[in-house]
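These are the residues of each chain, in order.
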Amino acid sequence: MILDEHLPAIFAALMAFSVLVYAILDGYDLGVGMLLPMRNEQQRDTMIASIGPFWDANETWLVLAIGLLLIAFPSAHNIILKELYFPAALLLIGLILRGVSFDFRAKVIQSRKDTWDKLFKLGSFMAAACQGYMLGMFVMGFESSFLAVAFSLLSAIGVATAYTLIGACWLIMKAEGELQAKAIGWARKAGYIAFTGILLVSVINPLINEFVFSRWTTPPLAYLFAFVPLLCFGFFFMGYKTLKRLPLENDECCWLPFVLCVSIFTFSFVGLALSFYPFVVPNQVTIWQAASAPESLRFILYGALIVIPCIFAYTLFSYRVFWGKVRDLRYY
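All of these numbers come straight from a predicted model, not from anything done at the bench.

(A) Inspection of the nonpolar core at higher detail. In terms of nonpolar packing, the biggest core is built from 87 residues, with Phe-11, Tyr-28, Phe-73, Trp-170 and Val-280 touching the most fellow members. Top contributing element to this core by residue count: helix α1 (residues 2–34), with 15 residues. Dropping the residues within four chain positions of it, Val-280 is found in contact with Met-15, Leu-69, Ala-76, Ile-80, Phe-138, Val-285, Thr-286, Ile-287 and Ala-290. In this structure, Val-139, Met-140, Ala-148 and Trp-216 belong to the second largest nonpolar core, which totals eight residues.

(B) Local environment of the packing of helix α7 (residues 110–139) against helix α8 (residues 146–174). Closest axis-to-axis distance for the α7/α8 pair is 7 Å, and the angle between their directions is 135°. For the element pair α7 / α8, the angle class is oblique. Read as a crossing pair, α7 and α8 show a hand that is right-handed. Between α7, through Phe-125, Ala-128, Ala-129, Gln-131, Gly-132, Tyr-133, Leu-135, Gly-136, Met-137 and Val-139, and α8, the contact on the second element is made entirely by Ala-148, Val-149, Phe-151, Ser-152, Leu-153, Ser-155, Ala-156, Val-159, Ala-160 and Tyr-163.

(C) Region of interest: the packing of aromatic side chains. Taken as a whole and judged by the stated rule, the model has 21 aromatic pairs. Measuring from centroid to centroid gives 6.0 Å for Phe-17 and Phe-312, while their planes differ by 55°, and the two rings are tilted. Highlighted residues: Phe-17 in helix α1 and Phe-312 in helix α14 (residues 294–321), separated in sequence by 295 residues. Using a relative accessible area of 35% as the deciding quantity, one classes Phe-312 as partly exposed. Centroid distance Phe-235 to Phe-267: 5.8 Å. Interplanar angle 40°. Geometry classified as tilted. Here the residue Phe-235 occupies a position in helix α11 (residues 221–245), and Phe-267 occupies one in helix α12 (residues 256–276), the gap between them amounting to 32 residues. Among the aromatic residues, those joined into a cluster by ring pairs are Tyr-28, Phe-54, Trp-170, Phe-258, Tyr-319 and Phe-322.

(D) Structural context of the pattern of salt bridges. Following the criterion strictly, the structure yields eight salt bridges and no others. Measuring nitrogen to oxygen at the nearest pair gives 3.0 Å for the salt bridge that ties Glu-41 to Lys-113. With Glu-41 in helix α2 (residues 41–51) and Lys-113 in helix α7, this pair connects stretches of sequence that are 72 residues apart. For the salt bridge of Asp-45 with Lys-113, the shortest nitrogen-to-oxygen distance reads 3.0 Å. With Asp-45 in helix α2 and Lys-113 in helix α7, this residue pair connects regions lying 68 residues apart in the sequence. Given the relative accessible area of 10%, Lys-113 is considered buried. Within the structure, one salt-bridge network assembled from shared partners comprises Glu-41, Arg-44, Asp-45, Arg-105, Lys-113, Asp-114 and Asp-117.

(E) Structural context of the environment of Leu-153. Position of Leu-153 relative to the elements: it lies in helix α8. Judged by its relative accessible area of 47%, Leu-153 falls in the partly exposed class. C-alpha separation for the pair Leu-153 and Phe-11, spaced 142 residues apart in sequence, amounts to 30 Å.

(F) Just the packing of α11 against α12, in detail. Two elements in contact, α11 and α12, have axes separated by 9 Å at closest approach and are oriented at 165°. If you check the angle between α11 and α12, you find them roughly antiparallel. You can see that α11 and α12 cross each other, and the crossing is left-handed. Where α11 approaches α12, its residues Leu-224, Phe-225, Val-228, Leu-231, Cys-232, Phe-235, Phe-236, Met-238, Gly-239, Thr-242 and Leu-243 are matched on the opposing element by Leu-256, Pro-257, Leu-260, Ser-263, Ile-264, Phe-267, Ser-268, Gly-271, Leu-274 and Ser-275. A breakdown of the residues in the contact of α11 with α12 according to their chemical character gives 15 nonpolar, six polar and no charged.

Rules used throughout
Residues numbered from 1 in each chain as written. Predicted model: local features only at pLDDT ≥ 70, side-chain atom pairs only at ≥ 80, totals over all residues. Heavy atoms only, no water. Core = buried A, V, L, I, M, F, W, Y, C linked by side-chain atoms within 4.5 Å. Buried < 20%, exposed > 50% of the residue type's maximum accessible area, 1.4 Å probe, protein only. Helix = DSSP H or I, 4+ residues; strand = E, 2+ residues; numbered from the N terminus. Contact = heavy atoms within 4.5 Å. Axes fitted to C-alpha atoms, helices over the stretch in contact; angles between N-to-C directions. Parallel < 35°, antiparallel > 145°, perpendicular 65-115°, else oblique. Left-handed = near helix turned anticlockwise from the far one by under 90°. Phe/Tyr/Trp six-rings, centres within 6.5 Å; stacked < 30°, edge-to-face > 60°. Salt bridge = Lys/Arg side-chain N within 4 Å of Asp/Glu carboxyl O. Nonpolar A, V, L, I, M, F, W, Y, C, P; charged D, E, K, R; others polar.

And the structure:
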């Protein structure tokens, strides 16, 4: 069947979509967690209230992405999880720590609330940094050299900073007054570091990977790969100009930094994904080599076409219900 020939590409696209949505949605709530000001309890409550209805549901997209990798590309799943077992374990610990802290901070005595807020902040940083480290190791082809580890540590800092950027932009959109002003300052500082990180990746990635270098310099795709970073830098410039003007009267354009940040995330991810396509493990395994049997993929596709739109619809519905400025945090 013609469909069978394209099933690996279809599942690769679904998996990439799930990873991108997760990076955006869980990215901002991890960023908010890392930005918690430990000297201002009221602002911490407001910040946690801004992500309260969404943060646990956002992680659904991570589960979906890993599930698609396991079912559709089992051999690649084995290689990736084998190479990234330790940072993946730390990632899970960080996510668990966030969940426990979120619930316990509402139930402990007042004097211990700060402790759980610190643990929530720590869990957010652990999850973000581990994701960045795993991304760096993936780009380096899971090498164990000093250069690979150094690049992965740099990637960990870059991803954590990018998450604080989108988290700050989320707070600009959701918060008001002093907290919004503080979020604007956070976004400016994180924006400088994120811009530098994307610039470094754009330079280093083709230099350390011959396949990426060839793809980036061979027409006609070379024109696309030249356009993607330029577009991202354009979004950074627009964000810089917007943040200098905020806050505006009647809170106009408070949503624009978040939209620009989502655009940066999207185009950066698309550029990175296209750089390695069709490899699911860089320079080792392609999606065609790692794919499950066509009969299995065809059966799974029917379920995916039902489940993924349902998750996406639920996500849109939840954001529609809780749209607008954040209200005081309440536990029921």
